[in-house]
Amino acid sequence: MNRFKKIAIATTGVLFICFVALFCSGPRFETLISRLSLQKSVAAPTEFQRGNIYDCHSNTLATNKTLYNVSMDCCVVTDNEIWVEKSGILAKELAVVHPIKDSAQWKMYITKARESRDRYIPIVKNVGKTFVDSLQKLTLFNDGSFKGGFICESKFVREYPYGNLARRTIGVKSNGEGVGIFGVEGLFEDLLRGGNKPGSYIYTTLDMEMQIVADSILRKEIESDTLFEGGCIAVMEVKTGNIKAVANIHRNSEGIVGEYFNYFTDYMYEPGAAVQNSAISFVDSCCISNIASGNSSIKFYDKISGTSANLDATEKGYEFVTTPIHILAFYNAIANNGIMMQPKLVTEITNGKDTIQQFHSTKISSCSFSKEKAVTVKNELPVDELEIVGK
């Protein structure tokens, strides 16, 4: 049974939209060596940064953010009188700047560390440069690493300015292995990572203004009825095949709605009414190949053969399965006067200054048909569908 409850198709002549819903004592030498091994710089990490991902207006979809972990070596101050005086002041200051503990608790925390000769105790994790700068002004910490025990470590983390919007399409970088695991992040992992040089920048066809609208509409629809498992809305530019927006909303086992599954490219289903007999009768074979997003050849529709019953079922959109991306490309071809365009998600790859590779719009000749046939298909579609597909 088809779990998708609604299928709508529309075009403005420019855009085609497919909606499918569903340290201390000891020799000074020993001390120096030990301190050198713990000294950290507040500067940005020395490893090469992962490349950014952008939308069609150069809005940042994925980038890097530097975060810092601040720790303390409570054994670096050898003069105990100085330690007692300054550590007490530091505890009071920490209680103001970082009030997760009061002054007494901070004093107990760093004193206990000194007594146990602990040279690496956490003060704060995952904070920005501004907060680190404020900590460096505190007593002891303003004496630096060798005299005050201030230790600061930096790291890159992946940041997504638009949050979870288009998450299945943009992808995500895993915190464990530090690699892209799906979407653009995964498909272009080697280029984004860069290896022994900075990562490449990926420019996509996505338009985040459209993405926001698509996500809002679909999310509202899925949340309106618990019977909806999920679905997708995809927007394609008719003449170019550029994918302008893809919202994939799924309700997980806990009933939470979000981008958990890529319906657009991965969900196989019988399209049913999304493919009308008048449209399908003109296409003996159709195949979308070398999709710019990285998909290999995916068979869309095989030549009809068999009994009249099977033919009738196929003409009504049953007896074969496909994915929303194929339905989108198919109807986009009708709107484009018979010219089927290869769906395209990435337009350009650069090194930050120069272009490394460009992806141009490509016509899929083997899947295209004449303008006359496209007009005929439009004319034979039911009136209500004809109006939304466009003349």
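Higher on the page you've got the structure.
Treat the numbers as computed from the prediction; the structure is a model and nothing was measured.

Draft legend 1. Seen up close, the overall build of the protein. In terms of regular secondary structure, the protein is built from 15 helices and 16 strands. Going through the 391 residues of the protein one by one, you find that 48% of them count as buried. For the protein, the accessible surface area stands at approximately 19,100 Å², while carbon and sulfur atoms represent 52% of it.

Draft legend 2. Seen up close, the pattern of salt bridges. For the structure shown, the criterion picks out ten salt bridges. Residue Asp73 is joined to Arg119 by a salt bridge in which the shortest nitrogen-to-oxygen separation is 2.6 Å. Placement of Asp73 in the loop between strand 4 (60-72) and helix 2 (80-97) and of Arg119 in the loop between helix 3 (103-115) and strand 5 (121-127) is noted, with a sequence separation of 46 residues between them. One salt bridge in this structure joins Glu189 and Arg193, with 2.7 Å as the shortest N-O distance. Of the two residues, Glu189 and Arg193 both sit in helix 8 (residues 189-193), four residues apart, roughly one turn of that helix. The class for Glu189 is buried, based on a relative accessible area of 8%. Each of Arg50, Arg158, Glu185, Glu189, Asp190 and Arg193 takes part in salt bridges that share partners, so that together they form one network.

Draft legend 3. Broad picture of the nonpolar core. Counting 40 residues, the largest nonpolar core has Ile53, Ile170, Phe188, Ile202, Ile243 and Phe264 as the members making the most contacts within it. Mapped by element, the contributors of at least two residues to this core are strand 4, strand 10 (230-237), strand 11 (243-251), helix 10 (263-266), helix 13 (324-335), strand 15 (346-350) and helix 14 (371-380). Looking at this core, the element that brings in the most residues is helix 13, giving seven residues. In this structure, Tyr68, Ala91, Trp106 and Val127 belong to the second largest nonpolar core, which totals 25 residues.

Procedures and definitions
Starting from 1, residues in each chain are numbered consecutively following that chain's sequence as written. Side-chain atom pairs in this predicted model are given and counted only at pLDDT of 80 or more, local residue features only at pLDDT of at least 70, and totals for whole chains, interfaces and linings cover all residues. Note: side-chain values were computed over all heavy atoms of the structure, leaving out hydrogens and water. Helix and strand labels come from DSSP, where a helix needs a run of H or I of at least four residues and a strand needs a run of E of at least two; each type is numbered from the N terminus. Think of it in three bands: residues with accessible area under 20% of the maximum for their type are buried, residues over 50% are exposed, and the middle band is partly exposed, with areas taken using a 1.4 Å probe on protein chains only. In short, Shrake-Rupley with a 1.4 Å probe defines the accessible areas, and a residue's cover is counted only from the protein chains shown. Every case where a carboxyl oxygen of Asp or Glu lies within 4 Å of a side-chain nitrogen of Lys or Arg is listed as a salt bridge. Nonpolar cores were defined as sets of buried Ala, Val, Leu, Ile, Met, Phe, Trp, Tyr and Cys residues, with membership established by side-chain atoms within 4.5 Å.

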